Amino acid sequence: MEYFIARHLSFEPVLLDTPLAIVASITRKFRKFLAVSCTHGHLADPRATKAMLAMRERYKPDTVLHLGDFTDMAALRSSAKPDDPDRAESMADDLLAGLSFLEELRPTHVHLGNHEHRLVGLAHSGNAVVSYAAGNVLGRIDDAVKRMKAKLVPYDGLRPSACTQLGDALFLHGVLYNVSAARDHAEALGMSCVFGHTHRVAQEQGRCQRPVVGYNIGCGITLDVGYAQTRRQTLGWANGFAWGEYTDNLCIVRLETLSPHYRLPL
Ligand SMILES: [Fe+2]
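Residue positions are given per chain, counted from 1 along the sequence in the order it is written. Given that this is a predicted model, residues contribute local features only at a pLDDT of at least 70 and side-chain atom pairs are listed and counted only at 80 or more, while totals for whole chains, interfaces and linings are drawn from all residues. Side-chain calculation: all heavy atoms of the structure are included, whereas hydrogens and water are not.

(A) A look at the pairing of strand 1 (residues 31-36). Two strands are counted as paired when DSSP detects at least two bridges linking them. Helix numbering and strand numbering both begin at the N terminus, where a helix is a DSSP run of H or I of at least 4 residues and a strand a DSSP run of E of at least 2. With five bridges joining them, strand 1 and strand 10 (residues 240-246) adopt antiparallel strand pairing. Within strand 10, the position partnered with Phe 33 by the bridge is Gly 244. Two elements, strand 1 and strand 2 (residues 63-66), share four bridges in a ladder whose sense is parallel. Among the inter-strand pairings, Ala 35 is bridged to a residue of strand 2, identified as Leu 65. Between strand 1 and its parallel partner strand 2, the chain crosses via helix 2 (residues 46-59), and the hand of that crossover is right-handed. Crossovers are described as right-handed under a simple rule: with the strands pointing away from the observer, the path leading from the first strand over the helix to the second runs clockwise.

Structure follows, in structure tokens:
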């Protein structure tokens, strides 16, 4: 048990370089990236994941990021009451579907989202059965990501350790959920950023002296998923992803949404 937790928590800190801090050996060669988020395991929308995988094959990106919530882990939802149907959701099916999608995506970076982060808290549960199960699932995620030779990035809120930097943009799962989450993430980080979490597609510039932009890249979850049906907020969800190019000191981000229409952009 401790083994799983210790392995999981042994992330190396990420040092961020601002564009101004990079003064020598700047590579101006453009490289390509693809970023997807919030596919939620067995709740993924087949049309959305098919579009993401088709883009991966067609665009041939150098860097492929899954920004987190590749599983749903509904059974672990802290607000679910003991007899809530979410408690009966299969963690095994969810994990299998989430890891299968990652294997098809062949990511270079796998971020943990708040849904996977539920496991981190429960790995320390006072209930030995719960902590064993959560630690085991974390171990299986860790093993799978290692097999893919991808970098596993923790869910550390807005901290540098939660971010992957490409050029002058930070990629992270995201923590804010308000209507101006795109703007607010960029302002909080003081840098342009690409994130998932809200399941919305949005782009907004932060109110900073140096222009920074937040890109909210949508999700891959089925949009009428049961636990979200009673919330108006859910109507704003959209399947989507981000792609673009980057050098050592800049990042150009393009947003794609499948709502209401979609055609492979290449
Ligand atoms: Fe999330």
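(B) Quick look at the coordination of the iron ion. Looking at the iron ion, the protein donor atoms are Asp 69 (OD), Asn 114 (OD1), His 173 (NE2) and His 197 (ND1), and they sit 2.1 to 2.5 Å from it. Water is not among the atoms examined, so metal sites may look incomplete; donors are the N, O and S atoms within 2.8 Å of the metal, or within 3.2 Å for Na, K and Ca. By the criteria applied here, four donors are tetrahedral when all angles lie between 85 and 135 degrees, four are square planar and six octahedral when opposite donors are over 155 degrees apart and every other angle lies between 65 and 115, and any other arrangement is irregular. Angles of 86 to 176° at the metal separate the four donor atoms of the iron ion, which places the site in the irregular class. Mapping the donors of the iron ion onto the primary sequence gives the spacing D-x44-N-x58-H-x23-H. On the criterion of sequence distance, the pair formed by Asn 114 in helix 4 (residues 114-122) and His 173 in the loop between strand 6 (169-172) and helix 6 (181-189) is long-range, its members being 59 residues apart. Look at His 173 and you get buried, because its relative accessible area is 2%. Only protein chains enter the accessibility calculation, which uses a 1.4 Å probe; a residue is then buried when its area is under 20% of its type maximum, exposed when over 50%, and partly exposed in between.

(C) Structural context of the sheet that holds strand 4 (residues 151-153). The sheet built from six strands is open, its strands ordered 4-3-2-1-10-11 with mixed pairing. Strand pairing shows two members of the sheet lacking a second neighbour, strand 4 and strand 11 (251-257), which therefore form its edges. Going from strand to strand, the sheet's axes swing by 20° on average, the running direction of each strand aside. Note on contacts: a residue pair is in contact if any heavy atoms of the two residues lie within 4.5 Å. Helix axes are fitted to C-alpha atoms over the stretch in contact, other axes to C-alpha atoms as well, and angles between N-to-C directions run from 0 to 180 degrees. The sheet strands contacting helix 3 (residues 91-105) are strand 1, strand 2 and strand 3 (109-111), and the helix crosses strand 2 at an angle near 170°.

(D) Representation of the sheet that holds strand 9 (residues 213-217) in the model. Strands sit in the order 5-6-7-9-8 across an open sheet of five strands; the sheet is mixed. Edge strands, defined here as strands with exactly one partner in the open sheet, are strand 5 (164-166) and strand 8 (201-205). Across this sheet, the average inter-strand angle for adjacent strands is 15°, counted without regard to direction. Where strand 8 meets strand 9, five bridges bridge the pair, whose relative direction is antiparallel. Counted as the bridge partner of Gln 203 is Tyr 215 from strand 9. Strands in contact with helix 6 are strand 6, strand 7 (192-195), strand 8 and strand 9; relative to strand 7, the strand with the most contacts, it is inclined by about 130°.

(E) Just the side chain of Asp 69, in detail. Mapped onto the secondary structure, Asp 69 falls in the loop between strand 2 and helix 3. Counting rule applied: Lys, Arg positive; Asp, Glu negative; His and chain ends not counted. By definition, a salt bridge exists where a carboxyl oxygen of Asp or Glu is found within 4 Å of a side-chain nitrogen of Lys or Arg. Of the side chains with opposite charge, Arg 118 lies nearest to the buried Asp 69, which makes no salt bridge, at 7.6 Å. Among the polar contacts listed, one links the side chain of Asp 69 to the backbone nitrogen of His 115, at a separation of 2.9 Å. When residues no more than four places from it in sequence are discounted, the contact partners of Asp 69 are Cys 38, Thr 39, His 40, Gly 113, Asn 114, His 115, Glu 116 and His 173. Each polar contact in these results corresponds to two N or O atoms within 3.5 Å; when the atoms are within protein, one needs to be able to donate a hydrogen and the other to accept it, and residues that are neighboring in sequence are counted only if both atoms are side-chain atoms.

(F) Seen up close, the environment of Asn 249. Residue position: Asn 249 is located in the loop between strand 10 and strand 11. It is 7.9 Å that separates the C-alpha atoms of Asn 249 and Leu 166, two residues lying 83 residues apart in sequence. Looking at Asn 249, its side chain comes within polar contact range of the side chain of Thr 247, at 3.0 Å.

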